[in-house]
Amino acid sequence: MPSGNWTHVTEFILLGLTDEPALRVPLFVFFLVVYIITLQCNIGIIVLVWFNHHLHTPMYFLLCCLSFVDAAVSSVTVPKMLVDFISEKKTISFAGCVIQMFSSFLIGGSEVTILAVMAYDRYTAICNPLLYPVIMSNRVCICLIATVVGINLANALTHAILTFSLPFCRSNIITHYACDVPPVLKIACIDTSLNELLLVLLSGGIILTSLLVIIISYGFIIVAIIRINSSEGRWRAFSTCSSHFVCVIIFYGTLIFMYATPSSGLSMTRDRVVSVFYMVIIPMLNPLIYSLRNQEIKQALRKGIRGSQASR
């Protein structure tokens, strides 16, 4: 297309989740409740671990990182989504769209890789318990999280810069509730094959590498648990990683469904719905799963409740 037809876009219009006016208020209330629960639960876990010294272990340090990421990834999209439910003009500035896309890749990618680090932590605790304090020292944990942030920072910058360096001329309407790469690429004037290839290679590579680490870690964990003689010992070992395993199944199950199902005319609608699940619903479910299935978390909660009642 000739460059004369290119236009300088200063803002985008987000179509959101639905065009039905009757659904706006119910969806607004639903997502507001989900967002409040997400913030309360994730911040609650961070505070709980911070003030309980017996929870100052690598496992709970990584859980705090996951809770921070869950609260952040929800905050990237939900507040804007809530505003759009009650607004007639669903616009986002060019700079706001760039920031939202960058933040989504940085924080969402960090969640994927933190789950892999947590799987490695559980592998070390179960398969190498005597060396665990050395292998998963404070310094190592900080280095692992710094590596996670560095990898996803580079990935987020790459996609944000390459996507918004494109000329936009077809429309400024994004068929999504947020600024994600695929719907933004659809309104570009030029061929976006390079962007799509990099999306598969970089983001897909991070997801597949993290999944491979998780599969290998749990392969060794399962073998180690089978070799434990007593049923009580096997149950104790399994209980230390059951919460993480459930979170992994839910998270990667959603991603696999999203990327493995064939494209169709309804693919953009499907992607929006699935995206809501792993960017809005899963960040609420993760802390609830850890709170309900982790005995140390439940004991710390009971202790905190008794302490607050006694101080009244």
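For the structure, check the block above.
Note that the structure is predicted; figures quoted are calculated from it, not measured.

Details of the packing of aromatic side chains
For the structure on display, the rule yields 13 aromatic pairs. Ring centres of Phe12 and Phe94 lie 5.9 Å apart, and the angle between their planes is 25 degrees; on these two criteria the pair is classed as stacked. In this pair, Phe12 sits in strand 1 (residues 11-14) while Phe94 sits in helix 3 (residues 94-127), placing the two residues 82 residues apart along the sequence. Judged by relative accessible area, which is 0%, Phe12 ranks as buried. A centroid spacing of 6.4 Å and a plane angle of 80 degrees characterise the contact between Phe251 and Tyr278, whose relative ring orientation is edge-to-face. Of this pair, Phe251 sits in helix 8 (residues 231-260) while Tyr278 sits in helix 9 (residues 267-293), and the two are 27 residues apart along the sequence. Each member of the pair, Phe251 as well as Tyr278, carries the same accessibility label: buried.

Here we look at the pairing of strand 1
Burial of strand 1 is one-sided: the residues Phe12 and Leu14 facing one way are buried, the residues Glu11 and Ile13 facing the other way are not. Looking at chain direction, strand 1 and strand 2 (residues 91-93) are connected through three bridges and run antiparallel. Paired with Glu11 across the bridge in strand 2 is Ser93. The pairing of strand 1 with strand 3 (residues 173-174) spans two bridges and is parallel. The residue of strand 3 that forms the bridge with Ile13 is Ile173.

Quick word on the sheet that holds strand 3
One open sheet accounts for three strands, arranged 2-1-3; its pairing is mixed. Whereas interior strands pair on both sides, the edge strands pair on one side only; in this sheet they are strand 2 and strand 3. Sitting on the sheet, helix 3 is in contact with strand 1, strand 2 and strand 3, with an inclination near 85 degrees to strand 2.

Focus: a nonpolar patch on the surface
Nonpolar side chains collect at one region of the surface, where Ile43, Val47, Trp50 and Phe51 lie side by side and expose about 490 Å² of accessible area between them. Summarising the element assignment, Phe51 is placed in helix 1 (residues 24-51). Judged by relative accessible area, Phe51 falls into the exposed class, the value being 61%.

Topic: the environment of Asn195
Mapped onto the elements, Asn195 comes out in helix 7 (residues 193-227). Placed 36 residues apart in sequence, Asn195 and His159 show a C-alpha to C-alpha distance of 7.5 Å. Residue contacts for Asn195: discarding those within four places in its chain leaves Leu162, Thr163, Leu166 and Leu185.

Digging into the nonpolar core
If you look at the biggest cluster of nonpolar residues, it comprises 61 residues, and the most contacted ones within it are Ile114, Ile214, Tyr252 and Val280. Of all the elements in the fold, those that place two or more residues in this core are helix 1, helix 2 (58-85), helix 3, helix 5 (138-164), helix 7, helix 8 and helix 9. Of the residues forming this core, the biggest block, 15 residues, is contributed by helix 2. Apart from residues no more than four positions distant in its own chain, Ile114 is found in contact with Leu62, Cys65, Leu66, Val69, Ile145 and Val148. Judged by nonpolar contacts, the second largest core, of 19 residues, contains Phe105, Leu166, Cys179 and Val184.

Calculation criteria
- Residues numbered from 1 in each chain as written.
- Predicted model: local features only at pLDDT ≥ 70, side-chain atom pairs only at ≥ 80, totals over all residues.
- Heavy atoms only, no water.
- Phe/Tyr/Trp six-rings, centres within 6.5 Å; stacked < 30°, edge-to-face > 60°.
- Helix = DSSP H or I, 4+ residues; strand = E, 2+ residues; numbered from the N terminus.
- Buried < 20%, exposed > 50% of the residue type's maximum accessible area, 1.4 Å probe, protein only.
- Pairing = 2+ DSSP bridges.
- Contact = heavy atoms within 4.5 Å.
- Axes fitted to C-alpha atoms, helices over the stretch in contact; angles between N-to-C directions.
- Patch = residues over 30% accessible without salt bridge, like charges linked within 9 Å, V, L, I, M, F, W, Y side chains within 5 Å.
- Areas by Shrake-Rupley, 256 points an atom, 1.4 Å probe, with all protein chains shown as cover.
- Salt bridge = Lys/Arg side-chain N within 4 Å of Asp/Glu carboxyl O.
- Core = buried A, V, L, I, M, F, W, Y, C linked by side-chain atoms within 4.5 Å.

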